[in-house]
Amino acid sequence: PKLKQVFTAAAMVVAMGATSFAHAADTKLRMSASASATDQRAVAMTEVFGPAVSDFAEFEGHWNSSLFKQGTDLEAIARGNLDMTITSAQELAEFIPAFSIFSAGYVHRDAEHQKRVFAADFMDDLKEEAEELLNVKLLSVMYLGRRHVNLREDFEVATPADLKGVKLRMPGSDAWQFLGKALGANPTPMAFAEVYTALQTGAVDGQDNPLPTDKDAKFYEVTKQIVLTGHLVDLNYIAISKKVWDKFTPEQQATLQKASDDAAESARQKQLALEAELVQFFKDQGLKVYEPNLKAFQETVQGAYLNSDYSEQWPEGLLEKINAL
Ligand code: KDO
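Source: prediction; values computed, not measured.

Visitor: Looking at this structure, I do not really get the overall build of the protein chain. What am I missing?
Guide: Along the protein chain, the regular secondary structure elements total 14 helices and 9 strands. Taking 20 Å as the expected radius of gyration for a compact globule of 325 residues, we find that the protein chain reaches 22 Å, a close match to that expectation. Dimensions of the protein chain, computed from the C-alpha atoms along their principal axes, are close to 85 × 45 × 30 Å. Residues classed as buried in the protein chain amount to 52% of the 325 residues present. Accessible surface for the protein chain amounts to roughly 15000 Å². Of this, 53% is attributable to carbon and sulfur atoms.

Visitor: I tried to follow the pattern of salt bridges on my own but got confused; where do I start?
Guide: Between side chains of opposite charge, pairing is possible as soon as their charged atoms come close. One pass over the structure, following the stated rule, counts 13 salt bridges. Here Asp39 and Arg41 are joined by a salt bridge, their closest N and O atoms 2.6 Å apart. Classification of Asp39 by relative accessible area gives buried; the value is 8%. One salt bridge connects Glu265 with Arg268, and the closest N-O pair in it is separated by 2.8 Å. Of this pair, Glu265 and Arg268 are both found in helix H11 (residues 250-284), 3 residues apart, which corresponds to roughly one turn of the helix.

Visitor: What should I look at first to understand the site of the ligand in this one?
Guide: Contacts to the ligand come from 13 residues, most closely from Arg41, Gln70, Arg147, Arg169 and Asn209. Here an oxygen atom of the ligand sits 2.9 Å away from a polar atom, N or O, in the side chain of Gln70. Isolated, the ligand exposes 370 Å² of accessible area, and the fraction of that covered by the protein chains is 98%. Across the shell around the ligand, the residue classes tally to 4 nonpolar, 5 polar and 4 charged.

Visitor: Looking at this structure, how should I read helix H12 (residues 294-306)?
Guide: Note on helix geometry: an α-helix contains 3.6 residues per turn, so any two residues three or four positions apart are oriented the same way. The terminal C-alpha atoms of H12, which comprises 13 residues, lie 18 Å apart, in line with the 18 Å expected from a rise of 1.5 Å per residue. Inspection of H12 places Ala296, Phe297, Val301 and Tyr305 among the buried residues, and these make up the whole buried set. The arc that holds every buried residue of H12, seen down its axis, measures 155 degrees, which confines them to one face. Set apart from the buried face of H12 by more than 90 degrees, the exposed residues are Lys295 and Leu306. Elements in contact with the buried residues of H12: helix H7 (174-182), strand E8 (225-241) and helix H13 (309-313). Measuring from the backbone nitrogen of Lys295 back to the side-chain oxygen at the start of H12 gives 3.2 Å, which picks out Asn293 as the cap.

Visitor: Would you take a moment to explain the nonpolar core for this structure?
Guide: One broad rule of soluble globular proteins: the nonpolar side chains tend to lie buried together. Ranked by size, the top nonpolar core spans 54 residues in total, and within it Phe99, Phe102, Met123, Leu163, Tyr237 and Tyr305 carry the most contacts. Those residues in contact with Met123 that sit more than four places away from it in its chain are Phe99, Phe102, Val117, Phe118 and Tyr237. Membership of the second largest hydrophobic core comes to 26 residues, among which are Phe59, Met84, Ile238 and Leu256.

Visitor: Would you explain the packing of aromatic side chains in this entry?
Guide: Given two aromatic rings, their pairing is described by the distance between the two centres and the angle made by the two planes. As enumerated under the stated definition, the model contains 13 aromatic pairs in all. Seen in terms of ring centroids, Phe281 and Phe282 are 5.4 Å apart; in terms of plane orientation they differ by 75 degrees. Their pairing is edge-to-face. An aromatic cluster is present here, built from Phe99, Phe102, Phe118 and Tyr237 joined pairwise through their rings. The cationic tip of Lys137 hangs over the ring face of Trp245; the distance from NZ or CZ to the ring centre is 4.8 Å. The residue whose ring lies beneath Lys215 is Phe281, and the NZ or CZ to ring-centre distance is 5.0 Å.

Visitor: Before we go on, may I ask you to explain the confidence of the model for the protein chain in this structure?
Guide: Low pLDDT marks stretches whose predicted atomic positions should not be read closely. Residue-level pLDDT values for the protein chain average 92, and 92% of them are 70 or greater. Considering only residues more than four positions removed or in separate chains, one finds that residues 1-25, a stretch of pLDDT under 50, has 2 contacts. At the level of chain-chain contacts, confidence expressed as ipTM amounts to 0.97, with global pTM at 0.90.

Visitor: Would you mind showing me how to read helix H5 (residues 111-119) here?
Guide: Residues of H5 that are buried include every one of Ala111, His113, Gln114, Val117 and Phe118, and no others. The buried residues of H5 occupy an angular sector of 155 degrees when the element is viewed end-on, so they sit on one face. Where H5 is buried, its residues meet helix H6 (124-134), strand E4 (136-151), E8, H11 and helix H14 (318-324).

What counts and how
- Residues numbered from 1 in each chain as written.
- Predicted model: local features only at pLDDT ≥ 70, side-chain atom pairs only at ≥ 80, totals over all residues.
- Heavy atoms only, no water.
- Helix = DSSP H or I, 4+ residues; strand = E, 2+ residues; numbered from the N terminus.
- Rg over C-alpha atoms; globule rule 2.2 N^0.38 Å.
- Buried < 20%, exposed > 50% of the residue type's maximum accessible area, 1.4 Å probe, protein only.
- Areas by Shrake-Rupley, 256 points an atom, 1.4 Å probe, with all protein chains shown as cover.
- Salt bridge = Lys/Arg side-chain N within 4 Å of Asp/Glu carboxyl O.
- Near = heavy atom within 4 Å.
- Polar contact = N/O pair within 3.5 Å; in protein donor to acceptor, adjacent residues only side chain to side chain.
- Nonpolar A, V, L, I, M, F, W, Y, C, P; charged D, E, K, R; others polar.
- Expected span 1.5 Å × (residues − 1).
- Arc of directions from axis to C-beta.
- Contact = heavy atoms within 4.5 Å.
- Core = buried A, V, L, I, M, F, W, Y, C linked by side-chain atoms within 4.5 Å.
- Phe/Tyr/Trp six-rings, centres within 6.5 Å; stacked < 30°, edge-to-face > 60°.
- Lys NZ or Arg CZ within 6 Å of the ring centre and 35° of its normal.
- pLDDT = per-residue confidence, 0-100.

As structure tokens, this is what we get:
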């Protein structure tokens, strides 16, 4: 009978454990993203989003692509293996080509323009497609910043022609490679986590990212110049599994939405402030930081998109609507 008791107790513990785990698992929101823990987007998710939803959900952030490799988070959500991520238009474009419009150089003008675009009616179809095709609900737009070309060698870059033959690391998807080519460089795909070493060893000649990222990832330690091309006012989206979202009550959904918007706003303000102060920081580190011939970059890059298959995949009139906002 003792043995029976032990077994019964063990079974009860297992059962209780199972219930409480099941409960915790229901309400745990696991986010995986390629952002580092000190990146303002991660900071905002941890400090703003997490506490705002803590009454009914436990936010758990996994940074530096520690759960899923960069570029595979959307599939993880689609398969039901992940609850949340910080995704990009370039990643979405792999499944929904129309998103490539936001990967095109010199389309978004600034952080506020991104917000207006994300809230516009014409985004509804795109958001719906992400939900239906990928089980991904886009909650808010996050501002990553203006991407600039950052190089190991110190030579003058005035126009795209000066980037000829430059092996420029771009993130690993077709939309990014196209942008690298449009800039006049020789793009090479690589995950973010490998970029520092690649710059250090000379496996690549340069990379492109916003100034706050260059600082956070310490790229200034292994490069000599930043050319302020501003070729992409880059964004990310806070994304949640639609299936997970549907399990919450309408009140909880409203709280989640507000928490996401507040986190995005907090990160946006911090990124903007950093962008404004970092030019001096990099100069102090001994880097050259200067503006190239922006007109030449803009015309070349825009021309490359308009003469490509990309623009053919963009819904009719969408570019005009974005420009008009
Ligand atoms: C990058 O790989 O260069 C990039 O900037 C692309 C963005 O979409 C974003 O994923 C970001 O990396 C990571 O979050 C690292 O900051």
